[in-house]
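Survey of secondary and tertiary structure
Residue-level listing of the chains:
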Amino acid sequence: MSTLRKFLVQKEYNRIRLVVTKTSHFEVKAVLNGIEGNFIVDTGASNSCVGFEAVEKFSLFTQDSDVKAAGAGATDMLTQLSKKNTIQIGKWSRKKIPLVLFDLTHVNTALINHQAEPVDGIIGADILKKGKAVIDYDKKCMYLK
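What you see is a predicted model, and the numbers here were worked out from it, not measured in a lab. (Residues numbered from 1 in each chain as written. Predicted model: local features only at pLDDT ≥ 70, side-chain atom pairs only at ≥ 80, totals over all residues. Heavy atoms only, no water.)

1. As for the pairing of strand S4 (residues 35-41)
The side chains of a regular strand alternate between both faces of the sheet. Counting buried residues along S4, five of its seven residues qualify, which places the element largely inside the surrounding structure. One ladder, built from seven bridges, connects strand S3 (residues 26-32) with S4; its direction is antiparallel. Paired with Val31 across the two strands is Glu36, which belongs to S4. (Buried < 20%, exposed > 50% of the residue type's maximum accessible area, 1.4 Å probe, protein only. Helix = DSSP H or I, 4+ residues; strand = E, 2+ residues; numbered from the N terminus. Pairing = 2+ DSSP bridges.)

So this is what it looks like as structure tokens:
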């Protein structure tokens, strides 16, 4: 019997290790515009996001947005957009990635309160779809094609 790993590697997927945080979230290191950061993998987030505080860190060009964000207990949060970003997760990479920027203070406060490290952003369903993501919860890894 073939394993999931062998099957996906044969299909040219890239295997990426995930770290389980103290809050039971999966976290991954990603390189955004050439700079490494920590990101939560969130299949329930429709868009990938970065906190306002990381705009300079990742050299993001932003524009205002009328869209309000909601999630993780917060609603009606002001947002900005950043287009044409590059992202690399493991050996998988893409260009022209749009990101939503909003205040991640409530997310990072919750993480810190549970003795977890703060994050720079969230890898959401938009990137997971682009990479045809397969998440192996048992083996704590993700595959992107």
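Continuing now.
2. Considering a positive patch on the surface
Residues Lys11, Arg94, Lys132 and Lys145 make up a contiguous surface patch of positive charge. Tracing the backbone through its elements, the reader meets Arg94 in strand S10 (residues 92-102). Residue Arg94 is classed as partly exposed on the basis of its relative accessible area of 31%. (Patch = residues over 30% accessible without salt bridge, like charges linked within 9 Å, V, L, I, M, F, W, Y side chains within 5 Å. Areas by Shrake-Rupley, 256 points an atom, 1.4 Å probe, with all protein chains shown as cover. Salt bridge = Lys/Arg side-chain N within 4 Å of Asp/Glu carboxyl O. Lys, Arg positive; Asp, Glu negative; His and termini not counted. Charge placed at Lys NZ, Arg CZ, Asp CG, Glu CD.)

3. Quick word on the pattern of salt bridges
Enumeration over the complete set of coordinates arrives at one salt bridge. Two residues, Lys57 and Asp120, come together in a salt bridge whose shortest N-O distance is 3.1 Å. Highlighted residues: Lys57 in the loop between strand S5 (49-51) and strand S6 (63-64) and Asp120 in the loop between helix H2 (105-113) and strand S11 (121-123), separated in sequence by 63 residues. Judged by relative accessible area, Lys57 falls into the partly exposed class, the value being 37%.

4. Points about the nonpolar core
If you look at the biggest cluster of nonpolar residues, it comprises 25 residues, and the most contacted ones within it are Ile87, Ile89 and Met142. Apart from residues no more than four positions distant in its own chain, Met142 is found in contact with Asn14, Arg15, Ile16, Leu18, Val41, Ile89, Leu128, Val134 and Ile135. Ranked by size, the runner-up nonpolar core spans 11 residues in total, among them Ile40, Val100, Val107 and Ala116. (Core = buried A, V, L, I, M, F, W, Y, C linked by side-chain atoms within 4.5 Å. Contact = heavy atoms within 4.5 Å.)

5. Points about the side chain of Ser48
Counting through the fold element by element, Ser48 comes out in the loop between S4 and S5. Only 2.8 Å separates the side chain of Ser48 from the backbone nitrogen of Gly124, close enough to count as a polar contact. When near neighbours in sequence (up to four residues on either side) are disregarded, Ser48 contacts Leu99, Val100, Ile122, Ile123, Gly124, Asp126 and Ile127. (Polar contact = N/O pair within 3.5 Å; in protein donor to acceptor, adjacent residues only side chain to side chain.)

6. Looking at the pairing of strand S13 (residues 141-144)
By the alternation rule, side chains of S13 split into Cys141 and Tyr143 and Met142 and Leu144, which are all buried. Pairing of strand S12 (residues 134-136) with S13, which is carried by three bridges, proceeds in the antiparallel orientation. By the bridge assignment, Val134 is partnered in S13 with Tyr143. Hairpin geometry of S12 and S13 is characterised by an intervening segment of four residues between the two adjacent antiparallel strands and by a positive phi of about 55 degrees at Lys140.

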